[in-house]
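Observations on chain architecture
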Amino acid sequence: MKEALYRFCEAYILARLQRIRNNIDEVNNSLNSETKSSAGDKHETGRAMLQLEREKLGQQLLEAEKTAILLRKVSASKQSNTVILGSLVKTTNANYYIAISAGKYESGTATYFCISANTPIGKLLMGKSAGATFQFNGKAHKILEVN
């Protein structure tokens, strides 16, 4: 299961990187094709907005690349009795894969949430082992299993 969850996270981050790169290419093409018109102020405003969009996309790309680097540090085969990066954690309320925030993965009847160790629930889970309890969103959770 951990292998499938890892591949799901990998596909998620690769798709995100590609989407951001495509958006950057579109903005760059718009900037390069923008011609000076008689409405100079309107032209300059349009260029400034495109440059701001390019900067925003650049930040998103940087964050996505950091996430990809973090994912490469995850080992799908490493076993631990305590929650670490790459752990599969089953609790009384949900199942979690500690890697990157990639959303919900469904396999048959089981649902897993791919989360980062830096998310609020990820921070609560890190370092705990089976049998530990914690509070999240006003609910008591118990860790049933750590793989």
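First, a word on scope: everything that follows refers to the structure included in this document. This is a predicted model, so every value here is computed, not measured. (Residues numbered from 1 in each chain as written. Predicted model: local features only at pLDDT ≥ 70, side-chain atom pairs only at ≥ 80, totals over all residues. Heavy atoms only, no water.)

1. Points about the overall build of the protein chain
When helices and strands are tallied, the protein chain shows three helices and six strands. Starting at the N terminus, the α and β elements of the protein chain follow one another as α-α-β-β-β-β-α-β-β. Scaling as 2.2 N^0.38, a compact globule of 147 residues should have a C-alpha radius of gyration of about 15 Å, whereas the protein chain reaches 21 Å, well beyond that. Over its C-alpha atoms, taken along the principal directions, the protein chain stretches across nearly 70 × 30 × 25 Å. Relative to its 147 residues, the protein chain shows a buried fraction of 33%. (Helix = DSSP H or I, 4+ residues; strand = E, 2+ residues; numbered from the N terminus. Rg over C-alpha atoms; globule rule 2.2 N^0.38 Å. Buried < 20%, exposed > 50% of the residue type's maximum accessible area, 1.4 Å probe, protein only.)

2. Remarks on the pattern of salt bridges
Using the criterion set out here, one finds four salt bridges in the structure. As a salt-bridge pair, Glu-65 and Arg-21 come within 3.7 Å of each other at their nearest N and O atoms. Of this pair, Glu-65 sits in helix H2 (residues 40-72) while Arg-21 sits in helix H1 (residues 2-33), placing them 44 residues apart in sequence. Judged by relative accessible area, Arg-21 falls into the partly exposed class, the value being 36%. (Salt bridge = Lys/Arg side-chain N within 4 Å of Asp/Glu carboxyl O.)

3. What about unusual backbone geometry?
Located in the positive-phi region is Asn-137, a residue other than glycine, with phi close to 50°. Secondary-structure assignment places Asn-137 in the loop between strand E5 (133-136) and strand E6 (139-146). With relative accessibility at 69%, the residue Asn-137 sits in the exposed group.

4. So, the pairing of strand E2 (residues 95-99)
The buried count for E2 comes to five of five residues, which makes it a mostly enclosed element. Sheet topology places strand E1 (residues 88-91) next to E2; three bridges connect them, and they run antiparallel. Looking at E2, one finds that Leu-88 is bridged to Tyr-97. Counted along the chain from E1 to the antiparallel partner E2, the turn is three residues long. As judged from the four bridges shared by E2 and strand E4 (residues 110-116), these two strands associate in the parallel manner. Within the sheet, the bridge partner assigned to Tyr-96 lies in E4 and is Phe-113. (Pairing = 2+ DSSP bridges.)

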